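# Remarks on the overall topology
Spelled out, the chains give:
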Amino acid sequence: MSVQSALPDLRESYPPHAPHAVPEQKTSLLGLVPGILLLFVVGYAGKFVEHAINTYTKAHHITFPNIEYVLWAIVFGIVIANTVGLPKVFRPGVATYEFWLKAGIILLGARFLLGDILKLGGISLALVAVAFALSLAFMTWLGRAFGLGAKLTTLLAVGSSVCGVSAIIATQGAIDADERDTSTAIAAILALGALSLFTFPLIGHSLHLSDHAYGIWAGLAVDNTAEATAAGALYSSEAGKYAVLAKTCRNALIGFVVLAYAIAWARKGLASAATEKQLQNKASFLWSKFPKFVLGFLLISLLATLGTLDPKLYPHLANYAFLGFSKPQLAALGNLSRWAFLLTFAGVGLRTNLRDLFKQGARPFLVGALGEVAIAAITLALVAGADRVFHL
Amino acid sequence: MSEKPVTRPLLSLDTWAVLLSLALALFVRFGVIKSVSW
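Residues numbered from 1 in each chain as written. Chains lettered and ligands numbered in written order. Predicted model: local features only at pLDDT ≥ 70, side-chain atom pairs only at ≥ 80, totals over all residues.

## Some details on the overall build of chain A
Each helix and strand in chain A was counted, giving 17 helices and one strand. Taking 21 Å as the expected radius of gyration for a compact globule of 392 residues, we find that chain A reaches 21 Å, a close match to that expectation. With the principal axes as the frame, chain A shows a C-alpha extent of 60 × 55 × 50 Å. A total of 392 residues make up chain A; the buried ones form 50% of that total. (Helix = DSSP H or I, 4+ residues; strand = E, 2+ residues; numbered from the N terminus. Rg over C-alpha atoms; globule rule 2.2 N^0.38 Å. Buried ≥ 20, exposed ≤ 12 C-beta atoms within 10 Å, placed from the backbone.)

## Considerations on the overall build of chain B
Helix and strand content of chain B: one helix and one strand. Per-residue burial over chain B gives 26% buried out of 38 residues.

## A look at helix H9 (residues 225–235) of chain A
Each full turn of the α-helix corresponds to 3.6 residues, which orients residues three or four apart in the same direction. Among the eleven residues of H9(A), eleven are classified as buried, and the element is accordingly described as predominantly covered. Those residues of H9(A) lying buried are Thr225(A), Ala226(A), Glu227(A), Ala228(A), Thr229(A), Ala230(A), Ala231(A), Gly232(A), Ala233(A), Leu234(A) and Tyr235(A).

## Observations concerning unusual backbone geometry
Residue and element names in this part refer to chain A. Its identity is not glycine, yet His61 carries a phi of approximately 50°, on the positive side. Counting through the fold element by element, His61 comes out in the loop between helix H1 (33–59) and helix H2 (69–82). Assessed through the 6 C-beta atoms surrounding it within 10 Å, His61 is described here as exposed. Phi angles above zero are rare outside glycine, and His208 is one such case at about 55°.

## Comments concerning the confidence of the model for chain B
In regions of low pLDDT, the predicted coordinates are not meant to be interpreted in detail. Mean pLDDT for chain B: 82, with 74% of residues reaching 70 or above. In the predicted complex, the global pTM is 0.81; the interface-specific ipTM is 0.85. (pLDDT = per-residue confidence, 0-100.)

## Considering the nonpolar core
All names here are of chain A. With 127 residues, the main nonpolar core has Ala73, Leu107, Trp217, Ala218 and Ala230 as its most contacted residues. The biggest single contributor to this core is helix H6 (residues 150–175), with 13 residues. Once you skip the residues sitting within four places of it in the chain, Ala73 turns out to touch Val42, Gly43, Gly46, Leu342, Phe345, Ala346 and Gly349. (Core = buried A, V, L, I, M, F, W, Y, C linked by C-beta atoms within 7 Å. Contact = placed C-beta atoms within 7 Å.)

## Focus: the packing of H2(A) against helix H15 (residues 327–350) of chain A
Residue and element names in this part refer to chain A. At a closest axis distance of 6 Å, the pairing of H2 and H15 adopts a crossing angle of 35°. The way H2 lies across H15 gives a crossing that is right-handed. In contact with Val70, Ala73, Ile74, Val75, Phe76, Gly77, Ile78, Ile80 and Ala81 of H2, H15 contributes Leu342, Phe345, Ala346, Val348, Gly349 and Leu350. Of the residues belonging to the contact of H2 with H15, the class tally is 13 nonpolar, two polar and no charged. (Axes fitted to C-alpha atoms, helices over the stretch in contact; angles between N-to-C directions. Left-handed = near helix turned anticlockwise from the far one by under 90°. Nonpolar A, V, L, I, M, F, W, Y, C, P; charged D, E, K, R; others polar.)

## A look at helix H8 (residues 211–221) of chain A
All names here are of chain A. Within H8, nine of the eleven residues are buried, which leaves it mostly tucked inside the rest of the structure. Taken together, the buried positions of H8 are Ala213, Tyr214, Gly215, Ile216, Trp217, Ala218, Gly219, Leu220 and Ala221. Tucked into the core, H8 has its buried residues touching helix H5 (114–145), helix H7 (179–206), H9, helix H10 (237–252) and helix H17 (362–390).

## Section: the packing of H7(A) against H9(A)
Residues and elements named next belong to chain A. With their axes 9 Å apart at the nearest point, H7 and H9 run at an angle of 30° to one another. The orientation of H7 with respect to H9, classified from their angle, is roughly parallel. Here the hand of the crossing between H7 and H9 comes out right-handed. Contacts between H7 and H9 pair Gly193, Ser196, Leu197, Phe200, Pro201 and Gly204 from the former with Glu227, Ala230, Ala231, Leu234 and Tyr235 from the latter. Of the residues that constitute the contact of H7 with H9, the class distribution is seven nonpolar, three polar and one charged. (Parallel < 35°, antiparallel > 145°, perpendicular 65-115°, else oblique.)

## Topic: the environment of Val36(B)
Within the secondary structure layout, Val36(B) lies in the segment after helix H1 (13–29). Setting aside anything within four residues of it in sequence, one finds Val36(B) in contact with Ala332(A), Asn335(A) and Leu336(A).

## So, the environment of Ile62(A)
Considering the arrangement of structural elements, one finds Ile62(A) in the loop between H1 and H2. Sequence-wise, Ile62(A) and Gly164(A) are 102 residues apart; in three dimensions their C-alpha atoms are separated by 41 Å.

## A short note on the environment of Ser160(A)
Residue and element names in this part refer to chain A. Along the chain, Ser160 turns up in helix H6. Here Ser160 falls in the buried class, since 30 other C-beta atoms lie within 10 Å of it. With 107 residues separating them in the primary sequence, Ser160 and Arg267 have C-alpha atoms 24 Å apart. If we skip the residues at most four places from it in the chain, Ser160 touches Ser135, Met139, Ile189, Asp223, Gly368, Gly371, Glu372 and Ile375.

Printed below as a string of structure tokens:
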């Protein structure tokens, strides 16, 4: 079998589908340009409207709540995608929003000191573990109660408790689920993710949550990384930062969860031959499922931290301080991250298909929705508890 | 019948994102990009 190298197929996530349903034709780099330009135009329109409203209300002494550009960009995207539709020429480029999301997260590392990541990341990981166990048990029970198949239940449980679409796709391969189940689970998770964009900030404001507590809650409870980042940024820039941190901790666990499921299904004799073979080397299996952008995020944060260390307090690290960034450089990296997220949020709107909300079966959606409400409540209680103890 | 070649990505999306971000970080670190406004 001959193997050719190519750029990754960036259309994999537009429209979201099961991995085996990837369209045949490949995209050239030039083919990405129209869609990326559209992402920029939609995102920048959001930023422009936020600025225009702020300037107008200030000049006319009108009291008006600040609506972040994130909401405008998402709404403009949803309106375009669900009225005139997205012409084919834009689709490959629009699908790159996932790429900008990851680049944005890595560059966001510049706004975190490693110590903060270790502290908040540690708390987040502990919360993730508890929330994960509770939500997985609840979703599995709910799926059985509603008579869904074991594989669809597993996909919904993993999608809602770990990290959305990427977790579903990774688990699909491991448990050999069929495309119909995978597509149903993806549609349910995406539809619920779109709803959370509008409900989470409202709940956060009504409960007067702090930026940190809200951000960690959004990162723990909203499934897809793009939606979790957007739900956080809709609250405030600081909340967006913490939503990304909590979500990154969840993402880092994806390999372990998929591995556990693969082993469980292999023991039952239900895993595919390819999965059985992969399981022979568990470390390599884990590495293949580990999201590599997490390492990039940690590396940038390490470099950011080195630049801010006081050589008197850390004399043994003084020799490495030259590797770090200065304050203006950190500000530049933070702003580059913001531009990458601007493209991401436009993409979140442009890929939201409202018709899909109603097209899928009622039962998987109901199971997903009930599960999401329970997970949101569980994680909210956990974050409120952690906030009291650790003062997030 | 000739076997259809299997096309695999040269690098994963994550790896491309890491490479782009590190390249940008280097440009910032060595002054090629001096400041970025928002």
